[in-house]
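# Commentary on secondary and tertiary structure
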Amino acid sequence: MSKVHVMDHPLIQHKINHIRKEEVGTKEFREVVGEIACLMCYEATRDLKLEDVKIKTPICEMTGKELAGKKLAVVPILRAGLGMVDGMLTLIPAAKVGHIGLYRDPETFEPVEYYCKLPADCDEREVFVVDPMLATGGSSTAAIQMLKDKGVKRIRFMCIIAAPEGVKRMQEEHPDVDIYIGALDDHLNEHKYIVPGLGDAGDRIFGTK
Ligand code: U5P
């Protein structure tokens, strides 16, 4: 069964609370989403493996530690996931970035694929799929299935706010994928928006409506 990590760091909680407020405008919303992604990336990379390396300081030789060659990739689900990419790359600048485009059918609420471009060697990478909102789980489960179909073996999913319904669906369909959540909310409304949530993350990041 996948592990669910709810990140209770006070800075993450404070910033999520801030962007929930309806009066927060596009510029500030986008900036704070980036900061949250950066903090979540720091927490979600806690278990990356280190290896011993010999280095020489100006004083002497020593055995230090550096990340053990594991290559990383960030895959945002378009469009809202884009808001989390820069924040993550601040901490893992060598990561490659893939993109998966899905939209939610307004009638069925099911995801429809319209774009997929991944790093050529994504099957050798540890992939962080990112979307600010895990609502029904339709988009994230479909995106993760697309990655698995391309041979990706190590996948983590990161979202800022999740609904219990989405977490359950993710765990049922992808029990091998660990989930990193900023805040676990109450439920979905009849339009499949997260309650209390923050509204439509893509619209709030890009100033559309
Ligand atoms: N979404 C929101 N806010 C919500 C619920 C869903 O922005 O309260 C959008 C997100 O952009 C996300 C997608 O990409 O819907 C996830 O929906 P789902 O496939 O998990 O239902």
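Nothing here was measured: the structure is a model prediction, and the numbers come from that model.

## Re the confidence of the model for the protein chain
Here the protein chain averages 95 in pLDDT, and 100% of its residues register 70 or above. Scored as a complex, the prediction yields pTM 0.94 and ipTM 0.98.

## Considerations on unusual backbone geometry
Here the amide bond leading from L78 into R79 is cis, since omega sits at 5°, within 30 degrees of zero. Its location among the elements puts R79 in the loop between β4 (72-78) and α3 (85-91). Looking along the chain, the bond that leaves V195 and enters P196 is cis, with omega of 0°. Turning to its location among the elements, P196 is positioned in the loop between β13 (194-195) and α6 (201-206).

## Focus: the pattern of salt bridges
Applying the stated rule across the entire model yields 16 salt bridges. Its salt-bridge partner being K65, residue D52 comes within 2.7 Å of it at the nearest N-O pair. In this pair, D52 sits in strand β2 (residues 50-56) while K65 sits in strand β3 (residues 61-67), placing the two residues 13 residues apart along the sequence. Comparing D52 with K65, the two get one shared label, exposed. Taking the shortest distance from any N to any O, the salt bridge between K71 and E124 comes out at 3.5 Å. Of this pair, K71 sits in the loop between β3 and β4 while E124 is found in the loop between β7 (111-117) and β8 (126-130), placing the two residues 53 residues apart along the sequence. What makes K71 partly exposed here is its relative accessible area of 34%. The partly exposed category is assigned to E124, whose relative accessible area is 47%. Via salt bridges that share partners, D47, E126, R154 and R156 belong to a single interconnected network.

## With respect to the environment of G98
Mapped onto the secondary structure, G98 falls in the loop between β5 (96-97) and β6 (99-104). You can call G98 buried: its relative accessible area is 0%. Excluding residues that lie within four positions of it along the chain, G98 makes contacts with V74, V75, P76, K117, L118 and P119.

## Here's the deal with the UniProt feature "binding site: uracil" (unreviewed entry) in the protein chain
In the UniProt entry, the feature "binding site: uracil" (unreviewed entry) is given for I194, G199, D200 and A201. When the annotated set is filtered for residues lining the largest pocket, what remains is I194, G199, D200 and A201. Relative to the assigned elements, D200 resides in the loop between β13 and α6. Contact partners of D200, with chain neighbours within four places excluded, come to R79 and Y193. A polar atom in the side chain of D200 sits 3.3 Å from the side chain of Y193. Looking at the secondary structure, you find A201 in helix α6. Apart from residues lying up to four places away in sequence, A201 is in contact with F29, A80, P132 and M133.

Basis of the calculations
Residues numbered from 1 in each chain as written. Predicted model: local features only at pLDDT ≥ 70, side-chain atom pairs only at ≥ 80, totals over all residues. Heavy atoms only, no water. pLDDT = per-residue confidence, 0-100. Helix = DSSP H or I, 4+ residues; strand = E, 2+ residues; numbered from the N terminus. Salt bridge = Lys/Arg side-chain N within 4 Å of Asp/Glu carboxyl O. Buried < 20%, exposed > 50% of the residue type's maximum accessible area, 1.4 Å probe, protein only. Contact = heavy atoms within 4.5 Å. UniProt positions renumbered as here; feature names shortened; annotations may be inferred. 1 Å grid on protein atoms, 1.4 Å probe; cavity = no way out; pocket = protein on both sides within 12 Å on 5 of 7 lines; lining within 4 Å. Polar contact = N/O pair within 3.5 Å; in protein donor to acceptor, adjacent residues only side chain to side chain.

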